[in-house]
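# Observations on chain architecture
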Amino acid sequence: MRSKALSVNEVFAKLSAKASMCCVWADAAREPALAYERSASTAHQKGLLAQNVPSNCLLALSCAPGCLAPSSARAGGADGEATGAFARALLAHALQPGQPLPAALAQAHDQLAQETNGRQTLWVCNTLSSTASAQSDALCLVPLAPAGDGAQFYQSPEDAALEAAAAKDAMSALDAAERAASLPAAAALLAAAVDGPASRVVLPRACLVLGRIAAAMAATSGRTSAEATAGFRALVAACRASQGTTAGARTGALELCLNATWAMSHLLALGGSTSSTRQRQQEAAVAAGCCESALAALRAHGAASASISACACRVVELLCVDSAGSCARVRDQGCIELLLSTAAHHRDGDGPACLASLAALAVLCRDVECRRRAVALGVIAQAVGCCSSACLCGRHALSACEALRLLRVLCQCPGAARAAALHAGALAAAVACLTAHPQEPQLAEQALWVVCLLTSQPSSPQSGDPPTGATATAAQGADVAAVQAVAAALRSHTATAAVQALACRAMRNLTADSRNEAAATQLGFFEGLVESVTHQRAGAEQARSMDARLEVAARRGAAREGGAEEALKAALARHGDGAGSRFVAAAAALALEESSIRA
Amino acid sequence: MGAAGSTPGGASAHLISRALCIGVNDYNGVSLSPAPAQDARAVAEALGSCGWDVCLLLQPSAADVNRALSNLENALQTGAKALVFFAGHGGVLNGDNYFIIEGACA
């Protein structure tokens, strides 16, 4: 039977490792009709069995374990529906935008029981609620969508006709603006729609068009802040409209808020990566009131919508990159508290809100006052907790990566944050992340940064200098697990120069403690390093990686091995003229010298 | 953190929800009534209209199903949502639940 059947456990095993939510809906409990079905099941066995599912999974059976779906239920309702009662009940409830799946299935259960006069009971095994907030989009098959929230809005037929006529003209104009990729035209239409007769219908669409145009412009050439200023003003007005108190304003508020913050993030991104253009874009946005709008969106809808949270956090991030003024402005309006609350609310999983809030916190924490307040409010514990949960479940590498990036920012800056991070277990968390996610190069890079910074000289954490003498205490705090994790990272990410260099720097710091050095020797780390150096085809861009490798190899006298000696000589020849890295040349010379002394 | 997505679905837009819907009507000449394929198609269409990426298999072979499941596993991004819907016959073997894809009648 196995070769012609699909095991439910196999489905979960294959999909649950990656999925934030893995569901199986089974309408498969019918009278046994097949030869092997009869022989395989015990004499009294009917239907499917009750079973457990992995975390973040849900199994819904069309009837209770050990029972069979009655044929009349399969035959559809009185109106002769084409679909069975189970599928009808699921489709009626589970795909409602913003409806958490467990609640939807409870309603589907009631509908099914009603339709079948209690003969068919929807059975669910659910491990979703233990890892996701009941209010979060993470539990919804369809996140809060544009048109789902207008049920309580009443409009007379006359008003509806007027609105439709006005909307028709505005929509045509918006289409034309989008075709022409005209940001000023779209901004003008959006501004006009705020107080227009069809604002309820036109505003969300106008935000969408503005955002699309900005996204397309960013992908091509980018523009100046002058074109964006009117757009920022109009989007801020749209955000305010989404927080209005009339029935018309409340209707579609989520859609409008989402579209406006999303468009705002794309308009801000038009500043590009150049510091001066980005600064002009930030100034235009701040002057228009984007800080206040983003924070208001977070306050109003942060808990209800992960998508709005993600967009608002992204706006905060873009507003505050390299801008002390914006950092101070949002800090004074409670931004740190809001971001921490958003990160906590959407914590489990690699959801957009979790990632965006951690990224925004990382940007804000570069500012000394923001960092001070964030540390006082528990940002370190939150980041360490995020790493720990990602390690426990073996998934959510993206959120762990963002949390590590945040820890890196905190550890890089002089002051109390680094000591607090060490005290809060950030080193152990980074090592655990390295171990739990061995195949993620970006995560490995951030984790190794944290290890480097927390095992380096406290006086110069940014350089990651190795600890010496009494300052080697941080390295002593790291156990053999750290040595193993760093050695494994070096082996796993041979193609990633940054990881190679950081792994060497981390090991250099760790082996300041003799116990760690013994552990590294036992693991064959230094031999691996020599092998790596031998095969390295180092160019100038990889000199940084070579520096650390050769330095470690030299300290260990590993150049005695023939192949390594050749590699070191080659490195010396390549970099001895100063065109590459003087450190490479110096390290290679040192290694060769040690090698000759020992020989 | 990358850009906030290419649609206001927000940053989640880059995480595509994926589903596999399977309907098996006929087990070597014995048809189930009404057709489970109708259910599979209805669920697939509904999910598709909500932005899900759906693979619909009607009367597939076991090899088709295994291939589709592997494709789903490979295409699924970390953190995305996944759903498998099956309508047809099920059974129990050695304490495990199975969806029967192909089979001969007694």
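Parameters and conventions
Residues numbered from 1 in each chain as written. Chains lettered and ligands numbered in written order. Predicted model: local features only at pLDDT ≥ 70, side-chain atom pairs only at ≥ 80, totals over all residues. pLDDT = per-residue confidence, 0-100. Contact = placed C-beta atoms within 7 Å. Axes fitted to C-alpha atoms, helices over the stretch in contact; angles between N-to-C directions. Helix = DSSP H or I, 4+ residues; strand = E, 2+ residues; numbered from the N terminus. Parallel < 35°, antiparallel > 145°, perpendicular 65-115°, else oblique. Nonpolar A, V, L, I, M, F, W, Y, C, P; charged D, E, K, R; others polar. Core = buried A, V, L, I, M, F, W, Y, C linked by C-beta atoms within 7 Å. Buried ≥ 20, exposed ≤ 12 C-beta atoms within 10 Å, placed from the backbone. Domains from an automatic or database assignment. Pairing = 2+ DSSP bridges.

## Topic: the confidence of the model for chain A
Residues and elements named next belong to chain A. Averaged over all residues, the pLDDT of chain A equals 75, while 70% of them reach at least 70. Confidence over residues 461–476 falls short of pLDDT 50; this stretch has 41 contacts with residues more than four positions distant or in other chains. Per-residue pLDDT stays below 50 along residues 576–583; that stretch engages in 10 contacts with residues further than four places along the chain or on separate chains.

## Side note on the packing of helix α14 (residues 306–320) of chain A against helix α15 (residues 324–332) of chain A
Residue and element names in this part refer to chain A. Orientation of α14 relative to α15, taken along the N-to-C sense of each, is 140°, at an axis distance of 7 Å. It follows that α14 is oblique to α15 by the angle criterion. Here V316, L319 and C320 of α14 come into contact with α15, specifically with S326, C327 and V330. Residues that form the contact of α14 with α15 fall into these classes: five nonpolar, one polar and no charged.

## Remarks on the packing of helix α20 (residues 397–412) of chain A against helix α21 (residues 416–423) of chain A
All names here are of chain A. It is at 6 Å that the axes of α20 and α21 come closest, and there the two elements cross at 130°. Between α20 and α21, the crossing angle belongs to the class labelled oblique. On α21, the residues that touch L407, L410 and C411 of α20 are A417, R418 and A421. Its residues assigned to classes, the contact of α20 with α21 comprises five nonpolar, no polar and one charged.

## Some words on the nonpolar core
Residues L235, C387, A426, C433, L448, V451 and V486 of chain A are the most contacted members of the largest nonpolar core, which totals 224 residues. Counting only domains with at least three residues in this core, you end up with domain 1 (2–139) and domain 2 (165–288) of chain A.

## Examining the sheet that holds strand β1 (residues 5–7) of chain A
Read from one edge to the other, the open sheet built from three strands follows the order β1(A)-β7(B)-β6(B), with strand pairing classed as antiparallel. A strand with exactly one partner marks an edge of an open sheet, and here the two such strands are β1 of chain A together with β6 (89–93) of chain B. Each neighbouring strand pair of the sheet contributes to a mean axis angle of 35°, computed without reference to strand direction. With five bridges connecting them, β6 of chain B and strand β7 (residues 96–100) of chain B associate as antiparallel partners.

## What to know about the confidence of the model for chain B
Residue and element names in this part refer to chain B. Residues with a pLDDT of 70 or more make up 82% of chain B, whose mean pLDDT is 79. Confidence over residues 1–6 falls short of pLDDT 50; this stretch has 21 contacts with residues more than four positions distant or in other chains. Contacts from residues 9–13, a stretch scored under 50 in pLDDT, to residues over four places away or in other chains number 27 contacts. Here the prediction assigns the complex a pTM of 0.58, and the interface score ipTM is 0.88.

## Quick look at unusual backbone geometry
All names here are of chain A. Of note in this structure, N56 is not a glycine but carries a positive phi near 65°. Along the polypeptide, N56 turns up in the loop between α2 (35–40) and β3 (57–61). Looking at N56, the number of C-beta atoms within 10 Å reads 27, which means it is buried. A positive phi angle is found at N117, which is not glycine, with a value near 50°. Relative to the elements of secondary structure, N117 occurs in the loop between α5 (101–115) and β4 (123–126). The class of N117 is exposed, set by 10 C-beta atoms lying within 10 Å.

## Focus on the sheet that holds β4 of chain A
Strand order across the open sheet formed by six strands is β4(A)-β3(A)-β2(A)-β5(B)-β1(B)-β4(B), with mixed pairing between neighbours. Since the sheet does not close on itself, it has two edges, and those belong to β4 of chain A together with β4 (53–58) of chain B, each with one partner. Looking at each pair of strands side by side, their axes are set apart by 10° on average, direction ignored. Pairing of strand β2 (residues 21–27) of chain A with β3 of chain A, which is carried by five bridges, proceeds in the parallel orientation. Bridged to W25 of chain A within β3 of chain A is A60 of chain A. Set on the sheet, helix α1 (residues 36–49) of chain B makes contact with β2 of chain A together with β1 (18–23), β4 and β5 (81–87) of chain B; between it and β1 of chain B the angle comes to about 165°.

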